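# A look at the structure
Single-letter residue listing:
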Amino acid sequence: MFASLANATLTCTLPAGMEGNLRINATNTVFLGAPLVVGGNLEISAGTFDVTIANNYQISVGGSWVNSGGTFNEQNGTVVFTGTGTVSAETFWNFELNTAGTITLAGALDVNGNLTVTAGTFAAGANQINIAGDWSNAGIFTAGTGTVVFDGGIAQSLASGGSAFNNLTVSKSANTLTFGSIVTVTSTLALSSGTLAP
């Protein structure tokens, strides 16, 4: 656990693998100084947690991601979930699942880069997912009653991996969303702006 820092920033290099939980409880900013592997839960309760723009260090989490009052600066980094747990409302750059378990959303998810399910189950529940990059699924996506919104200004691709979507919305300021495989939408497919190439 990090204690509160009154008037400073901290660049930290943590052990290569941490079996337990990690809690960020700072006054200012904690910058990563190396890739981070957390075996349990990662909680941001106060302050700012930054992956460091010069390096965009990867974070691997074996449990849940809980933001209970702090700020996560995702920069252009990747967060990989390797176990079973929940993810609170958060903004990530690249978001990846590579697990034998299930990751369940506990709030809205905003992905400014790519969303990749390499393995495992990704459960959306009733939550909205906004994605500005590519969606690639080689595992299982359980859509629940939520909505997935493709909102990137760049060209985007969607490889569903055979998993269905509940609501799917294309709301792009420019360019095209291209389906890389058959996409099933069980409720509403909406084209608000941009181009869809099924």
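Going by the structure above, here's the rest.
Everything numeric here is computed off the predicted structure, so don't read it as measured data. Sequence positions are assigned chain by chain, starting from 1 and proceeding in written order. Since the coordinates come from a predicted model, pLDDT governs what is reported: local features require at least 70, and pairs of side-chain atoms require 80 or more to be given and counted, while whole-chain, interface and lining totals use all residues. Calculated side-chain values reflect all of the structure's heavy atoms, with hydrogen atoms and water omitted.

### Topic: the side chain of Thr-99
Secondary structure elements follow DSSP: runs of H or I of four or more residues count as helices, runs of E of two or more count as strands, with numbering from the N terminus. With respect to the element layout, Thr-99 can be found in strand S11 (residues 94-105). To sort residues, take the accessible area from a 1.4 Å probe on protein chains only and compare it with the maximum for the residue type: under 20% means buried, over 50% means exposed, and anything in between is partly exposed. Thr-99 sits in the buried class, given a relative accessible area of 7%. Separated by 3.3 Å, the side chain of Thr-99 and the backbone oxygen of Thr-82 make a polar contact. Engagement of the side chain of Thr-99 in a polar contact is seen with the backbone nitrogen of Gly-101, the distance being 2.8 Å. Each residue touching Thr-99, except ones within four places of it in the same chain, is listed here: Phe-81, Thr-82, Gly-83, Ala-119 and Gly-120. In the analysis that follows, any N or O atom pair within 3.5 Å is treated as a polar contact, provided that within protein one partner can donate a hydrogen and the other can accept it, and provided that, for residues neighboring in sequence, both atoms belong to side chains. Pairs of residues are marked as contacts when any of their non-hydrogen atoms sit within 4.5 Å.

### Describing the nonpolar core
Joining through side-chain atoms within 4.5 Å is the link that ties buried Ala, Val, Leu, Ile, Met, Phe, Trp, Tyr and Cys residues into a set, and such a set is a nonpolar core. Judged by nonpolar contacts, the single largest core of 44 residues is most densely connected at Ile-59, Trp-65, Phe-122 and Trp-135. Contacts of Ile-59, omitting those with residues within four sequence positions, involve Leu-32, Leu-36, Leu-42, Phe-49, Val-51, Trp-65, Phe-72, Thr-78, Val-79 and Val-80.

### So, the environment of Thr-116
With respect to the helices, strands and loops of the structure, Thr-116 is situated in strand S13 (residues 115-123). Separated by 18 residues in sequence, Thr-116 and Asn-98 place their C-alpha atoms 8.6 Å apart. Every residue in contact with Thr-116, bar those within four places of it in the chain, is listed here: Phe-95, Glu-96, Leu-97 and Ser-136.

### Comments concerning the side chain of Asn-166
By the secondary structure assignment, Asn-166 is in strand S19 (residues 165-179). One polar contact links the side chain of Asn-166 to the main-chain carbonyl oxygen of Thr-145, over a distance of 3.0 Å. If we ignore the near neighbours within four places in the chain, the residues touching Asn-166 are Ala-143, Gly-144, Thr-145, Gly-146, Val-185, Thr-186, Ser-187 and Thr-188.

### Structural notes on the environment of Ser-192
Position of Ser-192 relative to the elements: it lies in strand S20 (residues 185-197). Given the relative accessible area of 54%, Ser-192 is considered exposed. Residues Ser-192 and Ser-173 lie 19 residues apart in sequence; the distance between their C-alpha atoms is 9.7 Å. Here Ser-192 is in contact with Thr-169, Val-170 and Ser-171, once residues within four sequence places are set aside.

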